[in-house]
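# Residue-level structure breakdown
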Amino acid sequence: MHEGIEQYIMEVVPSSECEAKGVDSFVALGDEGYEHSVAEEVEAPVVLDDGKEGYVDFDLSQYIGGGVVEPTLGMEFTSEDDARNFYNAYAKQMGFSIRVNSYYRSKKDNSIISREFCCSKEGFRRERYAKKDSGEDAKRRRARALTREGCKALMTVRRRDCGRWYVAKLEKNHNHELVTPAMRHFLRSHKQEFAPEKSCSNSFSSPGLSLDAPVDVLTDCSSFGKMEFAVQSNVNYIGRGRLSTFGIDAQSLLGFFKIMQASDPAFYYAIQVDEEERLSSVFWVDTRSRIAYNCFSDVVAFDTTYQVNQYKMPFATFTGVNHHKHSVLFGCALLADETESTFSWLFTTWLEAMSGRQPGLIITDYDPAISRAVQQVFPQSSHRYCKWHIISKMPKELGHVYSVTPRTFQVEFDRCINKSETPDAFESTWQMLLDKYNLRGNDWLQSLYIDRKLWVPVYMRDTFFAGMYAAQRSGSVNSLFDGYVNSGTTLQDFAEQYEKALDERYEKEAKAEFETFYTKPVLKTPLPVEKQGADIYTRNMFTIFQDEVFESLLFAVKLSAEDGGTSTYEVSRFDEEHKTYFVAFNIAEQLASCSCKMFEFEGILCRHVLAVFKATNVFTLPQCYILKRWTRNAKEEVMLDLLPCVELQANSQKGRNLQYNILYQEAIKCAEEGMASDQIFKVALNALREARVKIVGAKRNAMKSMPQN
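Residues numbered from 1 in each chain as written. Predicted model: local features only at pLDDT ≥ 70, side-chain atom pairs only at ≥ 80, totals over all residues. Heavy atoms only, no water.

## Section: the layout of surface pockets
The condition is simple: Of the two site types, the cavity is a set of points on a 1 Å grid over the protein atoms alone where a 1.4 Å probe fits but cannot get out, and the pocket is an open set with protein on both sides within 12 Å along at least five of seven lines, each lined by residues with an atom within 4 Å of a point. Grid points are joined across faces, edges and corners, and a volume is the space filled by probe spheres set on the points. What counts as a helix is a DSSP run of H or I of at least four residues, what counts as a strand is a run of E of at least two, and both are numbered from the N terminus.
If you add up the space inside the largest pocket, you get close to 790 Å³. Those elements that provide at least two residues to the lining of the largest pocket are β18 (576-586), α19 (598-602) and α20 (607-615).

Next up, the structure:
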């Protein structure tokens, strides 16, 4: 037997003189907070003993889980704090949080002689707390998520007469998912160990497919901020004098790209030069953005409203939304100008980086140059205009009218655009506005009217926007870099600010993943459809769906017509009978359509259809109404759709780029999952090595079978 194991056995076998004498009294610790029944939160880092008597100090590699010794019955510790720190360190490596659950006291001196450390998901929320989240109170505020699931995992330690503590009871199995390494710092007993300033944006990844893959930025996460750029006259703006001196600083910018590419092999950048071979425009996108686009390419917003440096060089972004309804970046560019040729170059370059996968819908500013470039490069995509951009141009385009009666005109214009429920209502209100404010001669308004079906809400309810259609910029995902990039951004600052903006976004996504996978929402109704939504949607999307389910209970349903297999229902609130919605439902095919068009517009079924479902005894969502881009496994699901596209483009450069992206993602997934423990690391490493051997063998066989010239 290994010498270390023999020593380990000798240490943990109880001796007669140190045997615990028995338990005198038991104290169960009650709840101290609304959400957790936590008696003592373990927030201190693990403390290791320096060779103290009774501490197990030898090689136990076969007992290691992620670098921490796994607990075993009889294991000894020099103190209660050592036992707690050890179990907390073990919990961190495994992916769960702990708390102190109960203890025993001695009748002799009232000292604690036994402690139970349990998984923070032990037990269930007490009834008195559950009642706070029901009834009328649930209407006023969102119930806090459930963090208790009745988990039995625990470690109980008892004190021997000699003062040492030993593991007397142990349960390692959990009844819930353990979190990935990327989400450990959200666990309550490990929060204080996390230092945000030491965390890279690249360190955050998601469970499942792990598409937001960890990619180290050299050896220092703050390397962008420490980059040494060539200084030009002590002030190094990205472009002084627009095009003319941008080329002077080209080496500095390219240095930023090379650092990115050194740490991220799939980092992509392209440059455009002017007639004098000077750098005029640049585009770049990292691997995570390219991967995210593969999953959420259905809706893309192109924004050029950011102005970098005092000479207003446009900083253009391609953005979208992920399955948590958070903004996600698909690429960036610094542009020399805003001409059609520059936009065409940018769109063509971006499309090449995205393996030729055209967006389902692209939302842009109302600009003729952009529109022509979109038609040229994205012929397969739908094109719509951003309403916020249009409204923001009103003071400039309407001049005198806007300055004389700004408030009155704004209110009436908003009512015309956002409150018109039918095309006829919009048409009549629009004509009234033109006459009232004498605007029939305004060319800008006339062009807007011609393109009304591309930006007015009443004409676009059948278009899926994924929540990116907003009346205000604050509600738009286009504000990705707000607060980070502005008119005074220097080249040195730009790289650091770019990193910080992405840091915040990836941290936000990691937190949303944690809440989705590690906590459970409080249900408001006993309806099966609500429970179904809680199981399939991400937390943010379930919150929206839950509101629709709850509100559906307030609607009355009346059958108004039947045509073959389709029935039409009138749906209205009990307190708003004058407001009626119409739902057409084919019960045999499980297909429904509501006049509000919420599902078509947002991808979440509305309260009106849900009310009809309940009235017709349809208690769960038909599969066609579960939009997978909103589900917790959205990233994993979407990857399956890429395979046909890869096969069609296998012999093209675009196809090879797409193949590389998919293989890269799968490799990252193996790396992320393989970090769970040393044992799993070995399994992952062996599997990857075996896969590489098979790939190399297949490659050699393919080369041998090729015809010789």
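From this point, the discussion proceeds with the structure in view.
## A closer look at unusual backbone geometry
What counts here: Burial classes follow relative accessibility: with a 1.4 Å probe on protein chains only, a residue under 20% of its type's maximum area counts as buried, one over 50% as exposed, and anything between as partly exposed.
Located in the positive-phi region is S355, a residue other than glycine, with phi close to 60°. Examined against the element boundaries, S355 turns out to sit in the loop between α8 (340-353) and β14 (361-364). S355 sits in the buried class, given a relative accessible area of 1%. One non-glycine residue with positive phi stands out, namely Q590, at about 60°. By the element assignment, Q590 lies in the loop between β18 and β19 (591-594).

## Concerning the environment of E76
For the record, the criterion: Under this definition, polar contacts are N or O atom pairs within 3.5 Å; protein pairs additionally need one hydrogen-donor-capable and one acceptor-capable atom, and for neighbouring residues in sequence, both atoms have to be side-chain atoms.
Summarising the element assignment, E76 is placed in strand β4 (residues 76-77). Take E76: its relative accessible area is 3%, and that puts it in the buried class. When the C-alpha positions of E76 and R164 are compared, they lie 6.8 Å apart, and in sequence the two are 88 residues distant. Engagement of the side chain of E76 in a polar contact is seen with the side chain of R160, the distance being 2.8 Å.

## Brief notes about the environment of S593
Stated formally: In what follows, a contact means two residues having at least one pair of non-hydrogen atoms within 4.5 Å.
Tracing the backbone shows S593 in strand β19. Between the C-alpha atoms of S593 and V609, which are 16 residues apart in sequence, the distance is 7.4 Å. The residues touching S593, leaving out its near neighbours within four places in the chain, are F582, V583, A584 and E600.

## Some remarks on the confidence of the model for the chain
As a reminder of what qualifies: A score between 0 and 100, pLDDT records how confident the predictor is in each residue.
Here the chain averages 75 in pLDDT, and 70% of its residues register 70 or above. Across residues 1-66, where pLDDT falls below 50, the model places 141 contacts with residues more than four positions away in sequence or in other chains. Per-residue pLDDT stays below 50 along residues 471-478; that stretch engages in 23 contacts with residues further than four places along the chain or on separate chains.

## Description of helix α14 (residues 423-436)
To keep things clear, this is the line we draw: Helices are assigned an expected span. That span is 1.5 Å times one less than the residue count. To obtain the arc, one takes the directions from the helix axis to the C-beta atoms.
Its 14 residues give α14 an end-to-end C-alpha distance of 20 Å, which sits within 8% of 20 Å, the value for a rise of 1.5 Å per residue. Those residues of α14 not exposed but buried are F426, E427, W430, L433 and L434. Looking straight down α14, one finds that the buried residues subtend no more than 130° of arc, so they occupy a single side. With its phi angle positive at about 55°, N438 sits one or two positions after the end of α14.

## With respect to the packing of helix α17 (residues 528-536) against helix α18 (residues 539-552)
Defined as follows: Every axis in this analysis is a line fitted to C-alpha atoms, fitted for helices over the stretch in contact. Angles between the N-to-C directions lie between 0 and 180 degrees. Angular relationships are summarised with four words: roughly parallel below 35 degrees, roughly antiparallel beyond 145, roughly perpendicular across 65 to 115, and oblique for the angles in between. As a working rule, the residues Ala, Val, Leu, Ile, Met, Phe, Trp, Tyr, Cys and Pro are called nonpolar, Asp, Glu, Lys and Arg charged, and the rest polar, with Gly in that last group.
Following both chains from N to C, one finds α17 and α18 inclined at 175°, their axes separated by 9 Å at the closest point. Regarding the angle of α17 to α18, the classification is roughly antiparallel. Residues V529, E530, G533 and A534 of α17 lie in contact with α18, whose contacting residues are F542, F545, Q546 and V549. When grouped by side-chain class, the residues that make up the contact of α17 with α18 number five nonpolar, two polar and one charged.

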